[in-house]
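Fold and geometry: a report
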Amino acid sequence: MALASAVPQESATAVTHERYYLACDFISGTGYGVQAVLFSVCAFYLWRQRKVRPIYAFLLAYTTLLFLASTLVQVAQAHLTELAFVDNKNFPGGPWAYHQNSLGGVTNLLNVCARLTLLLPSNVFMTWRCWVVWVSAGRRVACLVISLPVLMIIVSLITDTFLFISYTHPDSHIAHVGGSHGFIWSNVYCSLVFSTGIIVTIFILIRLIIHRRRIRASLSHAHGGVGYLSVMTIIVESFAVFSIVGALCVIATGVGSPASLPFSAATISLQQICEYLIILRVARGEAWKEDTITTAIHFRAREVELEISMSDSQIDVNRQGADTKPEQMREERSHA
């Protein structure tokens, strides 16, 4: 059999979407593996400290919910891929056409619900971290900063409800407004969710950079002016990596590129990974707190005082040694 006869009888667009669809599965599975490792580490630390503070018990329940939802997404995604590329590979138009026509199926609805469980609480978690970073500037300022992300979260929840209705009731008015297979609602929802994360990241970055400058300015340049916010800390605390990939996903979705599929999978995985990293920092007492800047300045000032005290002590010791040297020489001469 010639190799040319094995080429699928599908349009080039459909084949491209299928390639990106499989890439989406690979990226999602890889991200799930990283999440499994981080979840195990977080659960270990949180379980040991669950009775120390109520927040640790809550975070343990929250991370467990996230991991279960991620597991459900992987199971549903694997089953959807099996249905499209194995059980119904001869569907007219190919696997991608089958996928588009099965969006109202039980497996896809389960997938959508699991992703909803992942994305919305994750945005709420990011907004909470934004509050923690900004509350040192005053509660009114912090409320003003998070007002836009909170509003976008509410709108994204409404949009996701419309998307769910489009899948379950394709003859409804909402489904007609959303276009074929809820395409419009899906794009609006993804753009809102990822844009919320990007905006929160920008707010957190601004505050952390301001904190870094204040800490450095509050310390004596003669003693190094060491900053307590490393670049890695800023990247992790601000969800920067997630927001960069999320911005690429929003752009790809806006131009209608099939590359939005793998970007979407990568963004969802990175959002969960960033959450696990921050929760791990919280469990180990390394995460940013409301009083971090005050504590950092006080701690560094105490270090400077100790350094000065030790320097003065060393100077006194040297002086005493210099004073006793001539006396020892006189005693040696008198004995001689």
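All values reported here derive from a predicted model rather than from experimental measurement. (Residues numbered from 1 in each chain as written. Predicted model: local features only at pLDDT ≥ 70, side-chain atom pairs only at ≥ 80, totals over all residues. Heavy atoms only, no water.)

1. So, the overall build of the chain
The helix and strand inventory of the chain stands at 11 helices and 0 strands. Starting at the N terminus and ending at the C terminus, the chain contains elements arranged as α-α-α-α-α-α-α-α-α-α-α. With 336 residues in all, the chain has 41% of them scored as buried. Roughly 18300 Å² of accessible area belongs to the chain as shown, and the carbon and sulfur atoms make up 66% of that amount. (Helix = DSSP H or I, 4+ residues; strand = E, 2+ residues; numbered from the N terminus. Buried < 20%, exposed > 50% of the residue type's maximum accessible area, 1.4 Å probe, protein only. Areas by Shrake-Rupley, 256 points an atom, 1.4 Å probe, with all protein chains shown as cover.)

2. Considering helix H9 (residues 240-254)
Compared with an ideal rise of 1.5 Å per residue, which puts 15 residues at 21 Å, H9 spans 21 Å between its outermost C-alpha atoms and is within 8% of the ideal. If you check which residues of H9 are buried, you get Ala240, Phe242, Ser243, Val245, Gly246, Cys249, Ala252 and Thr253. Just beyond H9, the residue with positive phi is glycine 256, at close to 75°. (Expected span 1.5 Å × (residues − 1).)

3. Quick notes on the packing of helix H4 (residues 106-134) against helix H10 (residues 260-283)
Helices that pack against each other are described as a pair by the angle of their axes relative to one another and the distance between those axes. Their axes nearest at 10 Å, the elements H4 and H10 cross at an angle of 45°. Accordingly, the angle class assigned to the pair H4 and H10 is oblique. Note that H4 runs across H10; the crossing there is left-handed. On H10, the residues touching Arg115, Leu118, Leu119, Ser122, Asn123, Phe125, Met126 and Arg129 of H4 are Ile268, Gln271, Gln272, Glu275, Ile278, Ile279 and Val282. Split into classes, the residues belonging to the contact of H4 with H10 amount to 8 nonpolar, 4 polar and 3 charged. (Axes fitted to C-alpha atoms, helices over the stretch in contact; angles between N-to-C directions. Parallel < 35°, antiparallel > 145°, perpendicular 65-115°, else oblique. Left-handed = near helix turned anticlockwise from the far one by under 90°. Contact = heavy atoms within 4.5 Å. Nonpolar A, V, L, I, M, F, W, Y, C, P; charged D, E, K, R; others polar.)

4. Things to note about helix H5 (residues 139-168)
The terminal C-alpha atoms of H5 lie 42 Å apart, and with 30 residues this matches the ideal 44 Å at 1.5 Å per residue to within 8%. Largest kink in H5: about 35°, centred on serine 147, with the proline proline 149 one to four residues after it. (Bend = angle between axes of the 7 residues up to and from the residue.)

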